[in-house]
Amino acid sequence: MFDLEKEIKKWTKSLRKNEALEDGAIAELESHLRDEIENRMKQGWKEEEAFNQAVEVIGQIQTIGGEYHKTNTRKRTGRPPWQSPFLMPDLLWNYIKIALRRIKRQKGYSFINIAGLAIGLTCCILIFIWVQHELSYDRFHKNSDQIYRVLRVWPEENAYGPEGPGPLGPALMEDYPETVNATRLFPPPARPLKHEDTVFHVTALGVDPSFLEIFSFPIIRGNVKTSFEDPNFIILTEATAKKYFGDEDPIGKVMKYEWWSRWLEFHVTGVIKNIPSNSHLQFEALIPLDFVIASGMAIDKWDIICYHAYVQLEKNTDYKTLDTKIADILKKHSADSTSEIHLESLTRIHLHNYFGGGPITYIYIFSIIGILILLIACFNFMNLSTARSINRAKEVGLRKVVGSNRRQLIQQFLGESIVLSLIALATAIVLAQLLLPTANRILGTSLEMQFSVPIIGILLGIAMITGLFSGSYPAFLLSSFQPVTAIKGTGHLISKQSPIRKVLVISQFVISIVLIICVIFI
């Protein structure tokens, strides 16, 4: 037989198990329940039916605490007082101390884990530095997005080249208002340059006075405007000036340049900073473009093809529209010409071929290799962590018994993983710095590790992502242990036939084999 008072007391007792509800709140809820039952009994309901319907109206015992809290809380966060905040600084610091203590106590395991991550991160950092260097080519110029190289293109033959006639640059400047500036250069091979008895072979470019107006090669001695006023100027790079004059001021000094068995005399009017390695234009000195006249070459004829031209367009100009306009300019001046004129963005010269492809392919390949190497390191970390997880089973069980929930355990294990990753990052930075000179000798570059705010942010981001990714599976696995099973050490906490572990191991071997094959055969 249904006993209403007994069922109400039973319902009230179950509410007391809910930590969200205080005695006053429980008494208030009981009062609401009795009112609901009384109202239904007045309508002719039986006691049992009235009770069940009233309980359904008020809500399930499992959710009633949270719902009651939502309607009564005044906290902005909406977080129940019995729940710990998502991040607690004191607890976070405790996780870090535990991680450091574990590293100190388990030196061998920690060394293997940190070394694996550090090697992976080192490879990634070196590849990242190289990729960043390659992508930065010619972007240091102030107006790099407005500068274009003029190309002669043979579409039917898929051929192109930067050499063109001398009058081409001035013609583009004069006939097309979209062009705000233009310059020409002639790149002869390295020739002897001497001052008194000091002689070296140097690479000198013959240029128009507008050269330094378009390209941002900072001048450190002399003046940009006055350096080109002398018709026989020569502008040296810092290293070239040091080679000839040491610490002496070179401005006004006389230098002689050998061209077709003739020694041409020039006056030093300026010194510019050394040319960055990420510039497609590499030279040691600048001299007037018309020096070529000494050998009988002309710079004002359309049939002499040996000069490079660069143009600077108005900001926000659609270069493709101008590209279409200038395509047949050579045919207007030379009926026999079979080539077209097109523009190539300055920032695409180093990595892109005009018809597609080019060295940019290597950027993609090495970027993928860097990611794969880091994945191997992360998989190795996961496998080591899960393999040793049985040793932490009792720790997990005890923590759960004294009140830790799964979220806190996941935070702890992810925190340990991030600490290991940050230590590995510091180790990787040191290793990368030590290996950079060797990498520069092999690649023939002058790569540098620059610690700017964006670079530091990227490196920390890589370390954090690596720590979270590599620690995710062990964290969720360890936090899932049942306290009783973990403390007693009974049952199989981790299946040796776990499909995830199989996937990790197989993936690690597959990526390693693929990389080895690529190194041998590509």
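Along each chain, the written sequence defines residue order, and numbers are assigned to residues from 1. The predicted nature of this model means local features are confined to residues of pLDDT at least 70 and side-chain atom pairs, given and counted, to a pLDDT of 80 or more, with totals for whole chains, interfaces and linings taken over all residues. The basis for every side-chain value is the complete set of non-hydrogen atoms in the structure, without hydrogens or water.

## Some points on the layout of surface pockets
Part 1 of the reasoning: The volume enclosed by the largest pocket comes to roughly 790 Å³.
Part 2 of the reasoning: In terms of lining, the largest pocket is formed by 20 residues, of which the most central are I127, F366, I369, I373 and V519.
Part 3 of the reasoning: The helix count covers DSSP runs of H or I at least four residues long, the strand count covers runs of E at least two residues long, and both are numbered beginning at the N terminus. Put simply, the parts of the chain that give the lining of the largest pocket at least two residues each are α6 (107–135), α12 (360–387), α14 (406–443) and α17 (499–521).
Part 4 of the reasoning: Split by residue class, the lining of the largest pocket holds 19 nonpolar, 1 polar and no charged. Computed over the protein atoms alone on a 1 Å grid, cavities are sets of points where a 1.4 Å probe fits but cannot get out and pockets are open sets with protein on both sides within 12 Å along at least five of seven lines; a residue lines them when it has an atom within 4 Å of a point. Grid points are joined across faces, edges and corners, and a volume is the space filled by probe spheres set on the points. Think of it as three bins: nonpolar holds Ala, Val, Leu, Ile, Met, Phe, Trp, Tyr, Cys and Pro, charged holds Asp, Glu, Lys and Arg, and polar takes everything else, Gly as well.

## Regarding the pattern of salt bridges
Part 1 of the reasoning: Salt bridges, as used here, are contacts in which a Lys or Arg side-chain nitrogen is within 4 Å of a carboxyl oxygen on Asp or Glu. The final tally for this structure, using the stated rule, is 14 salt bridges.
Part 2 of the reasoning: Across the salt bridge formed by K42 and E38, the nearest N and O atoms sit 3.7 Å from each other. One end of the pair, K42, and the other, E38, are both in helix α2 (residues 23–42), 4 residues apart, so they sit about a helical turn from each other.
Part 3 of the reasoning: When the shortest N-O distance is used, the salt bridge between R221 and D249 registers 3.2 Å. Of this pair, R221 sits in strand β8 (residues 219–222) while D249 is found in the loop between α9 (238–245) and β10 (254–259), placing the two residues 28 residues apart along the sequence.
Part 4 of the reasoning: Residue R221 is classed as partly exposed on the basis of its relative accessible area of 35%.
Part 5 of the reasoning: Judged by its relative accessible area of 40%, D249 falls in the partly exposed class. Classification of residues uses two cut-offs on accessible area relative to the type maximum, computed with a 1.4 Å probe and protein chains only: under 20% is buried, over 50% is exposed, and between them is partly exposed.

## Remarks on the nonpolar core
Part 1 of the reasoning: Buried Ala, Val, Leu, Ile, Met, Phe, Trp, Tyr and Cys residues form a nonpolar core when they are joined through side-chain atoms within 4.5 Å. Within the largest apolar cluster, 31 residues are counted, with the highest numbers of intra-cluster contacts made by L121, I125, I129, I363, A424, L425 and M449.
Part 2 of the reasoning: Contributing elements (two or more residues each) for this core: α5 (89–105), α6, α12, α14 and α15 (453–478).
Part 3 of the reasoning: The element best represented in this core is α6, accounting for 10 residues.
Part 4 of the reasoning: Should any heavy atoms of two residues lie within 4.5 Å, those residues are counted as being in contact. Aside from chain neighbours lying at most four places away, what touches L121 is L374, S421, A424, L425, A428, I462 and T466.
Part 5 of the reasoning: V202, A204, I234 and Y244 belong to the second largest nonpolar core, which has 24 residues in total.

## A few points about the packing of aromatic side chains
Part 1 of the reasoning: Side-chain rings of Phe, Tyr and Trp (the six-membered ring for Trp) are treated as a pair once their centres are within 6.5 Å; stacked means planes under 30 degrees apart, edge-to-face means over 60, and tilted covers the remaining angles. Evaluated as defined, the whole model comprises 22 aromatic pairs.
Part 2 of the reasoning: Ring plane angle 75° and centroid distance 6.0 Å describe the contact between F211 and F283, whose orientation is recorded as edge-to-face. In this pair, F211 is assigned in helix α8 (residues 211–214) and F283 in the loop between β11 (262–272) and β12 (285–288), connecting sequence segments 72 residues apart.
Part 3 of the reasoning: Whether a charge sits over a ring comes down to the Lys NZ or Arg CZ being within 6 Å of the ring centre and within 35 degrees of the ring normal. When the ring centre of W263 is taken as reference, the NZ or CZ atom of K194 above it lies at 4.4 Å.
Part 4 of the reasoning: Stacked on the ring of F200, the Lys or Arg K243 has its end atom at 4.9 Å from the ring centre.

## Brief notes about helix α3 (residues 47–58)
Part 1 of the reasoning: Its 12 residues give α3 an end-to-end C-alpha distance of 17 Å, which sits within 8% of 16 Å, the value for a rise of 1.5 Å per residue.
Part 2 of the reasoning: Those residues of α3 not exposed but buried are A50, F51, A54 and V55. The arc that holds the buried residues of α3, viewed along the axis, is 130°, so those residues lie on one side.
Part 3 of the reasoning: Immediately downstream of α3, the backbone of G59 shows phi near 125°, a positive value. Between the first and last residue of a helix there are one fewer steps than residues, each counted as 1.5 Å, and that sum is the expected span. Each C-beta atom gives one direction from the helix axis, and the arc is the one those directions make.

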